[in-house]
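Residues per chain are reported as follows:
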Amino acid sequence: MTNLISSPYVDYIQEQKKQKYLKKIDVLMIASYKIEFYERIIKLQKSIINTLEKNKGKILNKNILEKINQDINLVLPYKKYGYKAYHKKPNDIFDKNKIYIYSHRCNDFDIDEFICDVIISESAKERKSENLLKSEKIDYTTIHNLNVRSFASDIQELEKWEKIKSSSYDIQYRIDQINNLKNELDNFVKLFDESDGFKHSNYSVVELIKDNPKHSDKMRNWLGKQDEFLISYDEFRKENKQQ
């Protein structure tokens, strides 16, 4: 029986073969990520708003904040996600009185003070007052009115990405078609490269397929001096209107 020759390189390759790797990111994967993101936001907001509703008329204090965190723990366990609610009281006339979320464990999503917050009361500036509302009774109707647009927006985003996910095959097909055409264009332009050896992509030409092509200032300056490339004001407006 022949003994297998072992070496650090062979061992390294064997270890690499045992690993799993992220496949090329596609529409389905992006939509799945976005859905998880908005589902978490909605769950966190519901925990906050539902607990506030149950305690309306009471002073918002540490005990109620603890109840909010207990509710969050039921839907998104702290041991796994690390989400915790905090009460931010206003320090100046521009600050809102609000409850926000911070994660002590999960950094995969941008859920922070400004993404997943619930406004308790407007800033003194918005209320046209000098008084900072730091400790007040929970007014559920006011809280609902201050946050209803934000909640609705998150729900709409979730629904949008669910629709995209359900149509991800058709969307991916179109993306693949575009990429194939890009590769076809790149290969066609390479035919004009008569240099020996490796044929380089012509980035100046391929740049034209982008929504907002970036061309060098020097090239723009030179082209602007050539009468054959200049157009009238009306043509310029029409051209830019079509983009």
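Note: the structure precedes this text.
On a predicted model such as this, the values are computed, not experimentally measured, just so you know.

(A) Summary view of the overall build of the chain. Summing up its helical and strand segments, the chain has nine helices and three strands in all. For the chain, the sequential pattern of α-helices and β-strands runs α-α-α-α-β-β-β-α-α-α-α-α. For a compact globule of 243 residues, the expected C-alpha radius of gyration is about 18 Å, and the chain comes in at 28 Å, more than 25% above that figure. The buried share among the 243 residues of the chain stands at 26%. Long-range contacts, defined here as pairs at least 24 residues apart, represent 57% of the contacts in the chain between residues at least 6 apart. Here the chain has roughly 18800 Å² of accessible surface; of this, 52% comes from carbon and sulfur atoms. For the chain, the distance from the average position of its 43 positive side-chain charges to the average position of its 39 negative side-chain charges is 7 Å.

(B) Expanded view of the pairing of strand β3 (residues 117–121). Across the five residues that make up β3, a large majority, five, are buried. Of the strand pairs in this sheet, strand β2 (residues 97–103) and β3 are connected by four bridges, and their pairing is antiparallel. Bridging from a neighbouring strand, I99 pairs with V118 of β3.

(C) Local environment of helix α2 (residues 27–54). With 28 residues, α2 extends 40 Å between its outermost C-alpha atoms, agreeing within 8% with the 40 Å of an ideal straight helix rising 1.5 Å per residue. Where α2 begins, the capping side chain belongs to D26, and its oxygen is found 3.3 Å from the backbone nitrogen of L28.

(D) Structural detail: the pattern of salt bridges. All chains considered together, the criterion is met by eight salt bridges. Note that K98 and E113 form a salt bridge whose closest N and O atoms lie 3.8 Å from each other. In this pair, K98 is assigned in strand β2 and E113 in the loop between β2 and β3, connecting sequence segments 15 residues apart. One salt bridge connects K160 with E157, and the closest N-O pair in it is separated by 3.0 Å. Here E157 and K160 lie together in helix α5 (residues 140–166), a separation of three residues that amounts to about one turn. Taking relative accessible area as the criterion, K160 reaches 38% and is therefore assigned partly exposed. One continuous salt-bridge network, built from bridges that share partners, spans K88, K98, E113 and D117.

(E) The arrangement of the packing of α2 against α5 in detail. Where α2 meets α5, the closest approach of the two axes is 9 Å, and the angle between their N-to-C directions is 160°. Relative to α5, the element α2 is oriented roughly antiparallel. The chirality of how α2 crosses α5 is left-handed. The residue inventory of the contact of α2 with α5, partitioned by class, reads 17 nonpolar, three polar and seven charged.

(F) Representation of the environment of G57. Mapped onto the elements, G57 comes out in the loop between α2 and α3 (62–75). Residues G57 and I42 lie 15 residues apart in sequence; the distance between their C-alpha atoms is 24 Å.

Rules and cut-offs
Residues numbered from 1 in each chain as written. Predicted model: local features only at pLDDT ≥ 70, side-chain atom pairs only at ≥ 80, totals over all residues. Heavy atoms only, no water. Helix = DSSP H or I, 4+ residues; strand = E, 2+ residues; numbered from the N terminus. Rg over C-alpha atoms; globule rule 2.2 N^0.38 Å. Buried < 20%, exposed > 50% of the residue type's maximum accessible area, 1.4 Å probe, protein only. Contact = heavy atoms within 4.5 Å. Areas by Shrake-Rupley, 256 points an atom, 1.4 Å probe, with all protein chains shown as cover. Lys, Arg positive; Asp, Glu negative; His and termini not counted. Charge placed at Lys NZ, Arg CZ, Asp CG, Glu CD. Pairing = 2+ DSSP bridges. Expected span 1.5 Å × (residues − 1). Polar contact = N/O pair within 3.5 Å; in protein donor to acceptor, adjacent residues only side chain to side chain. Salt bridge = Lys/Arg side-chain N within 4 Å of Asp/Glu carboxyl O. Axes fitted to C-alpha atoms, helices over the stretch in contact; angles between N-to-C directions. Parallel < 35°, antiparallel > 145°, perpendicular 65-115°, else oblique. Left-handed = near helix turned anticlockwise from the far one by under 90°. Nonpolar A, V, L, I, M, F, W, Y, C, P; charged D, E, K, R; others polar.

Function cannot be inferred from these measures alone, as they are strictly geometric.
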